[in-house]
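Close look at the chain arrangement
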Amino acid sequence: AAGNLLASAGAQGLTVRAIAAAAGTSRMNVYSRFGGKDGVVEQLWLQGFDLLAEAMSAAGTSADPLDDLRRCGRAYRHFALEHTTLYNVMFTGAVPDFEPGENARERGLRTLEELAHKLERAMDAGLLRRSDPDHAAAMVWATCHGAVSLELTHAGDTSIDWERVFADATATVMKGLAV
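First, a word on what this report is: a plain description of the structure on this page. Owing to the predicted nature of the structure, the values given are computational and were not obtained by experimental measurement.

Turning our eyes to something else, we now look at the side chain of Glu151. With respect to the helices and strands, Glu151 occurs in helix α8 (residues 133-153). Leaving out residues up to four positions away in the same chain, Glu151 has contacts with Arg77, Leu81 and Trp162.

Below, the structure is given as structure tokens:
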């Protein structure tokens, strides 16, 4: 209910009263279950990272670590396009003044660790130069995030093939990491 409300009414419409009404429950129930609006937003944030982790994991593991990374990147983009509201909660500050708690932050960062493991596998196979996998993951993630964020911001601009931009940008970063 909160995600739908955020998508339709924006952050200013996301109040405990509105969340309770949209969920068909009482405000007290929202407070007792989530501690208030920030607790609800944190659950959206966590749901987003859980779905992103599932999408990246579902990309699978094959005999080709580089193809695995490409599929993982496409899964990231697909997640962002399919779950734009959650993506915005996670990455664009869709709810001003929201800060996830330490446990939620750590849980979210596990997704970056999964990407680091995939990169390390490619390094171990001699396909990428040896570097700090966490640093490499941050570079790849930043590239994916930048391309997707621009696509979401400029989705109506039909003169740009955003899928190709994403593929070319991530391929360029991977070439930079190659041996």
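Further notes follow.
Let us look at the side chain of Arg77. Positionally, Arg77 belongs in helix α5 (residues 65-82). A distance of 2.8 Å separates polar atoms of two side chains, one belonging to Arg77 and the other to Glu151. If we ignore the near neighbours within four places in the chain, the residues touching Arg77 are Val148, Glu151, Trp162, Glu163 and Phe166.

This paragraph deals with the nonpolar core. Note that soluble globular proteins tend to have their nonpolar side chains buried in a common cluster. Core analysis: the largest hydrophobic core is formed by 46 residues, its most contacted members being Leu14, Trp45, Leu115, Leu119, Leu128, Val140 and Leu177. Sorting the residues of this core by element identifies α1 (2-9), α2 (16-23), α4 (37-58), α5, α6 (84-91), α7 (102-124), α8 and α9 (162-177) as the ones contributing at least two each. Per element, the largest residue contribution to this core is eight residues, and it comes from α4. Excluding its chain neighbours within four sequence positions, the residues that come into contact with Trp45 are Val89, Met90, Phe98, Pro100, Ala104, Arg105 and Gly108.

Here we take up the environment of Ala104. By the secondary structure assignment, Ala104 is in helix α7. The class for Ala104 is buried, based on a relative accessible area of 4%. In this structure the C-alpha to C-alpha distance between Ala104 and Ser131, which are 27 residues apart in sequence, comes to 28 Å. Those residues within four positions of Ala104 in sequence are excluded, and the remaining contacts are Glu42, Trp45 and Leu46.

Following the criterion strictly, the structure yields ten salt bridges and no others. Ionic pairing is found between Arg70 and Asp67, a salt bridge with its closest N-O pair at 3.7 Å. Of this pair, Arg70 and Asp67 are both found in helix α5, three residues apart, which corresponds to roughly one turn of the helix. Residue Asp67 is classed as partly exposed on the basis of its relative accessible area, which comes to 24%. Connected through salt bridges with shared partners, the residues Asp67, Asp68, Arg70, Arg71 and Arg121 form a single ionic network.

The rules behind these values
- Residues numbered from 1 in each chain as written.
- Predicted model: local features only at pLDDT ≥ 70, side-chain atom pairs only at ≥ 80, totals over all residues.
- Heavy atoms only, no water.
- Helix = DSSP H or I, 4+ residues; strand = E, 2+ residues; numbered from the N terminus.
- Contact = heavy atoms within 4.5 Å.
- Polar contact = N/O pair within 3.5 Å; in protein donor to acceptor, adjacent residues only side chain to side chain.
- Core = buried A, V, L, I, M, F, W, Y, C linked by side-chain atoms within 4.5 Å.
- Buried < 20%, exposed > 50% of the residue type's maximum accessible area, 1.4 Å probe, protein only.
- Salt bridge = Lys/Arg side-chain N within 4 Å of Asp/Glu carboxyl O.

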